[in-house]
Amino acid sequence: MNEQSIALGALVILLSLGAGALFSRWYFAPTGSHRAPRVVEEQVPFADLLRPTAAGVNDFAFCPAEEQDRLHRFNGDGTRTCWTCRCETPTAVPRG
């Protein structure tokens, strides 16, 4: 065999592999018809997700014992507990 027939055979093999790859991408491409439709029932703003409303939520709040913002645990009974000094205060304590 000479070099031309080897090069031509290699070219044919490469072209057939490329065509097979393109055909398989087209034929087996996902259509999404097997998926359930996406239903959004209720959208909640991101700020509402971060707001401490549930019992046992941690957030920064003013600590009257230390007179600065500290990490608190908000309890279900309307109080909050400072993680630094462990003092328990009502939620509606004003600053300073």
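Residues numbered from 1 in each chain as written. Predicted model: local features only at pLDDT ≥ 70, side-chain atom pairs only at ≥ 80, totals over all residues. Heavy atoms only, no water.

1. Looking at the side chain of Asn75
Mapped onto the fold, Asn75 is located in the loop between β2 (68-74) and β3 (79-82). Taking relative accessible area as the criterion, Asn75 reaches 17% and is therefore assigned buried. Only 2.5 Å separates the side chain of Asn75 from the side chain of Arg73, close enough to count as a polar contact. (Helix = DSSP H or I, 4+ residues; strand = E, 2+ residues; numbered from the N terminus. Buried < 20%, exposed > 50% of the residue type's maximum accessible area, 1.4 Å probe, protein only. Polar contact = N/O pair within 3.5 Å; in protein donor to acceptor, adjacent residues only side chain to side chain.)

2. Things to note about the state of the cysteines
The full count for this structure, using the stated rule, is zero disulfides. Not part of a disulfide, Cys63 finds its nearest cysteine sulfur in Cys87, a span of 3.7 Å. The structure places no disulfide on Cys85, whose sulfur is separated from the nearest cysteine sulfur, that of Cys87, by 3.3 Å. (Disulfide = S-S within 2.5 Å.)

3. Re the confidence of the model for the chain
Averaged over the chain, the pLDDT score is 81; the fraction of residues at 70 or greater is 83%. In the model of the chain, helix α2 (residues 46-50) stands out as the element of lowest mean pLDDT, 73, in contrast to helix α1 (residues 3-27), which has the highest, 90. (pLDDT = per-residue confidence, 0-100.)

4. What to know about the sheet that holds strand β4 (residues 88-90)
Hydrogen bonding along the main chain pairs the strands of a sheet, whether they run parallel or antiparallel. Reading across from one edge, β1-β2-β3-β4 is the order of the four strands in this open sheet, with antiparallel pairing throughout. Edge positions in the sheet fall to β1 (57-63) and β4, since each has one partner strand and no second. Across this sheet, the average inter-strand angle for adjacent strands is 45 degrees, counted without regard to direction. Here seven bridges tie β1 to β2, and the two strands are oriented antiparallel to one another. Following the sheet pairing, Cys63 is matched in β2 by Gln68. (Pairing = 2+ DSSP bridges. Axes fitted to C-alpha atoms, helices over the stretch in contact; angles between N-to-C directions.)

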